[in-house]
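Residue-level structure breakdown
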Amino acid sequence: MSARRLAAGDSHLYPGVRLAGTPANGLTHWQAGDPVLIEFADLTIGEGRIEAAAANGWLLQLFARSTAKGAAIPAQTWWLEPQPHEPGLLRVRRT
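These numbers come from a predicted model, not from an experiment.

1. Thoughts on the side chain of Gln-61
Mapped onto the elements of the fold, Gln-61 is located in strand E5 (residues 57-62). A relative accessible area of 19% places Gln-61 in the buried class. Engagement of the side chain of Gln-61 in a polar contact is seen with the backbone oxygen of Gln-76, the distance being 3.5 Å. Ignoring any residue separated from it by four or fewer positions in sequence, one finds Gln-61 in contact with Glu-47, Gly-48, Arg-49, Glu-51, Ala-75, Gln-76 and Thr-77.

2. Considerations on the packing of aromatic side chains
This structure, assessed with the given rule, holds one aromatic pair. Aromatic pair Trp-30 and Trp-58: ring centres 5.1 Å apart, planes at 45°, arrangement tilted. Within this pair, whereas Trp-30 is found in the loop between strand E2 (18-21) and strand E3 (35-39), its partner Trp-58 is found in strand E5, the two being separated by 28 residues in sequence. An identical accessibility class is assigned to Trp-30 and Trp-58; each is buried.

3. Topic: the nonpolar core
Within the largest apolar cluster, 18 residues are counted, with the highest numbers of intra-cluster contacts made by Leu-6, Leu-13, Leu-19, Ile-38 and Leu-80. Listing elements by their share of this core, those giving two or more residues are strand E1 (4-8), E3, E5, strand E8 (76-82) and strand E9 (89-94). Counting residues per element, this core draws most heavily on E5, at three residues. In contact with Leu-13, not counting residues within four places along its chain, are Ala-8, Leu-19, Ile-38, Phe-40, Leu-60, Leu-62, Trp-78 and Val-92.

Reading the values: rules and limits
Residues numbered from 1 in each chain as written. Predicted model: local features only at pLDDT ≥ 70, side-chain atom pairs only at ≥ 80, totals over all residues. Heavy atoms only, no water. Helix = DSSP H or I, 4+ residues; strand = E, 2+ residues; numbered from the N terminus. Buried < 20%, exposed > 50% of the residue type's maximum accessible area, 1.4 Å probe, protein only. Polar contact = N/O pair within 3.5 Å; in protein donor to acceptor, adjacent residues only side chain to side chain. Contact = heavy atoms within 4.5 Å. Phe/Tyr/Trp six-rings, centres within 6.5 Å; stacked < 30°, edge-to-face > 60°. Core = buried A, V, L, I, M, F, W, Y, C linked by side-chain atoms within 4.5 Å.

Following this line, the structure appears as structure tokens:
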């Protein structure tokens, strides 16, 4: 299976930040175990995996990584919530 791809408008994730699916209509049929790649605004790539899927979103395990400026970001778990009035966008929430 190919990785699910997302784009972030910042160099890291935090509650409330939005992620864009690439392609925008590619947010359907995600399942636990799916690999995820996130392209961050600083042009680094984060890798992770969908740990659980539900009708109202997905649990993402994002692996440890570094930003382009060298800041270490530890592994984190986030809830990704689809935005019904903004197709193709997800909002990041704490777990």
